[in-house]
Amino acid sequence: MICAEYRTAVSARLDGERTDVVADGAGLDEHEERCADCRDWLAVARRLRALTAGAQGPSPEWSAGLVDRLLGRLAADEGDQARTA
Ligand SMILES: [Zn+2]
């Protein structure tokens, strides 16, 4: 199994989709054991998933404001890059 296959299958698993249609669970565990990059990736993916779950919680106004702030910051970063380029 290559990293891309592993990550596709694991993100499907995090989303609650059936992983047996993407890859077998034993293959996933085996890849995780021998690939440090994917272990790091999995840690980040789980954290993002937890954050996303929180943003979909009881306050849509809050998450909408967060998205606006993040997009505004992205735009500002791009502006900085444009000036220094
Ligand atoms: Zn990997």
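Read on for a plain summary of the structure.

About the cut-offs
- Residues numbered from 1 in each chain as written.
- Predicted model: local features only at pLDDT ≥ 70, side-chain atom pairs only at ≥ 80, totals over all residues.
- Heavy atoms only, no water.
- Donors = N, O, S within 2.8 Å, 3.2 Å for Na, K, Ca; no water.
- Tetrahedral: all angles 85-135°; square planar, octahedral: opposite > 155°, others 65-115°.
- Helix = DSSP H or I, 4+ residues; strand = E, 2+ residues; numbered from the N terminus.
- Core = buried A, V, L, I, M, F, W, Y, C linked by side-chain atoms within 4.5 Å.
- Buried < 20%, exposed > 50% of the residue type's maximum accessible area, 1.4 Å probe, protein only.
- Contact = heavy atoms within 4.5 Å.
- Patch = residues over 30% accessible without salt bridge, like charges linked within 9 Å, V, L, I, M, F, W, Y side chains within 5 Å.
- Areas by Shrake-Rupley, 256 points an atom, 1.4 Å probe, with all protein chains shown as cover.
- Salt bridge = Lys/Arg side-chain N within 4 Å of Asp/Glu carboxyl O.

What to know about the coordination of the zinc ion
Part 1: Surrounding the zinc ion are the protein donor atoms Cys-3 (SG), His-31 (NE2), Cys-35 (SG) and Cys-38 (SG), which sit 2.0 to 2.4 Å from the metal.
Part 2: Coordination at the zinc ion is tetrahedral, judged from the 4 donor atoms that bind it and the angles of 101 to 113° they form at the metal.
Part 3: Read in sequence order, the donor residues coordinating the zinc ion give the pattern C-x27-H-x3-C-x2-C. Here the residue Cys-3 occupies a position in helix α1 (residues 3-14), and His-31 occupies one in helix α2 (residues 25-34), the gap between them amounting to 28 residues.

Remarks on the nonpolar core
Part 1: Membership of the largest hydrophobic core is limited to 7 residues, which are Tyr-6, Ala-9, Val-10, Leu-28, Cys-35, Cys-38 and Leu-42.
Part 2: For this core, the elements supplying multiple residues, two or more each, are α1 and α3 (36-55).
Part 3: Ranked by residue count, the leading element in this core is α1, at 3 residues.
Part 4: When neighbours within four sequence positions are excluded, Tyr-6 is seen to be in contact with Met-1, Leu-28, His-31, Glu-32, Cys-38, Trp-41 and Leu-42.

Quick notes on a nonpolar patch on the surface
Part 1: A contiguous nonpolar patch, built from Val-44, Leu-48 and Leu-51 and spanning about 300 Å² of accessible area, is present on the exposed surface.
Part 2: Residue classification places Val-44 among the partly exposed positions, given a relative accessible area of 44%.

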